Amino acid sequence: RLTPPTHHDEKITTIAVSRDGGSVLLAKPSGRMLSVSAIPTRGRFRERTLFTTTSDIWCIDEAPDGSLYLNLADRPSELVRLSPRGGTPERIASFQAVAPIGMVLALPDGRTVVPSLSSGNTRLMVVEKGKDPALLVNTAEETAAPMTLAGSGAIAFVLGPAPRQTIAVANIASGRITGRIAPNK
């Protein structure tokens, strides 16, 4: 069993064991990037960063010659509006990566909320045609779907990383969190 220090709570996106069994290879968020690290299987916990990347890493493995193979994923997406009468889809915005729960929420003022993924972290983005996507909520914490309207001017969504997630309610106009609900408490 490898036990990292207690402050070491980043979520690991993928993991593999080196061919010689001497280390565990893992990928995890590192700021706005992902880092690939090696941790020895024996002795003290000494994580060594091998390199960083801006792409999501789905899989990692080591070849017999020591080369690392990674499945780097860049999943750009577009938000489009379709008229009930048909016709050509209207492009609203594009994103470098989509979140695993690809939910879209139409706001009463005509804007749209979309979860966007950056280096393994999800952020709720508010999208309006002709403008750059912007953070919906003023917080450094992860914000994610599922999400829903909570009255005429508020949105409820998931706040924080698993497994310490809470349900948060924020004012749509200001982006300020106005309440939190901690499940099971």
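This text goes with the structure placed above it.
Residues numbered from 1 in each chain as written. Predicted model: local features only at pLDDT ≥ 70, side-chain atom pairs only at ≥ 80, totals over all residues. Heavy atoms only, no water.

## So, the side chain of Ser-37
By the secondary structure assignment, Ser-37 is in strand β3 (residues 33–40). A polar atom in the side chain of Ser-37 sits 3.0 Å from the side chain of Glu-47. Dropping the residues within four chain positions of it, Ser-37 is found in contact with Val-24, Leu-25, Leu-26, Glu-47, Arg-48, Thr-49 and Leu-50. (Helix = DSSP H or I, 4+ residues; strand = E, 2+ residues; numbered from the N terminus. Polar contact = N/O pair within 3.5 Å; in protein donor to acceptor, adjacent residues only side chain to side chain. Contact = heavy atoms within 4.5 Å.)

## Comments concerning the nonpolar core
Formed by 14 residues in total, the largest nonpolar core has its most connected members in Val-113, Leu-136, Met-147, Ile-155 and Phe-157. Sorting the residues of this core by element identifies β11 (121–127), β14 (154–159) and β15 (166–171) as the ones contributing at least two each. In terms of residue count, the dominant contributor to this core is β14 (three residues). In this view, Met-147 contacts Met-103, Val-104, Leu-105, Val-113, Val-114, Pro-115, Leu-124, Ile-155, Ala-156 and Phe-157; residues no more than four positions away in its chain are not counted. (Core = buried A, V, L, I, M, F, W, Y, C linked by side-chain atoms within 4.5 Å. Buried < 20%, exposed > 50% of the residue type's maximum accessible area, 1.4 Å probe, protein only.)

## As for the sheet that holds strand β2 (residues 23–30)
Spatially, β1-β2-β3-β4 is the arrangement adopted by the four strands of the open sheet, whose pairing is antiparallel. Taken across any chain shown, the strands that pair with only one partner, and hence form the sheet edges, are β1 (14–17) and β4 (48–53). When strand polarity is set aside, the average angle formed by the axes of neighbouring strands in this sheet is 20 degrees. When β2 meets β3, the two strands line up antiparallel, connected through eight bridges. Bridge pairing links Pro-29 to Leu-34 in β3. (Pairing = 2+ DSSP bridges. Axes fitted to C-alpha atoms, helices over the stretch in contact; angles between N-to-C directions.)

## So, the sheet that holds β14
Within the open sheet, the four strands sit side by side as β13-β14-β15-β16. Their pairing is antiparallel. Each edge of the open sheet is held by one strand with a lone partner, namely β13 (143–149) and β16 (177–181). Averaged over all pairs of adjacent strands, the angle between their axes in this sheet comes to 25 degrees, without regard to strand direction. As paired elements, β14 and β15 share six bridges and run antiparallel to each other. Counted as the bridge partner of Leu-159 is Thr-166 from β15.

## Overview of the environment of Thr-13
Locating Thr-13 in the fold gives a position in the segment before β1. Spatially, the C-alpha atoms of Thr-13 and Leu-26 are 7.4 Å apart, while their sequence positions differ by 13 residues. Those residues in contact with Thr-13 that sit more than four places away from it in its chain are Ala-27, Lys-28, Pro-29, Leu-34 and Ile-57.

Any link to function would need more than the numbers given here.
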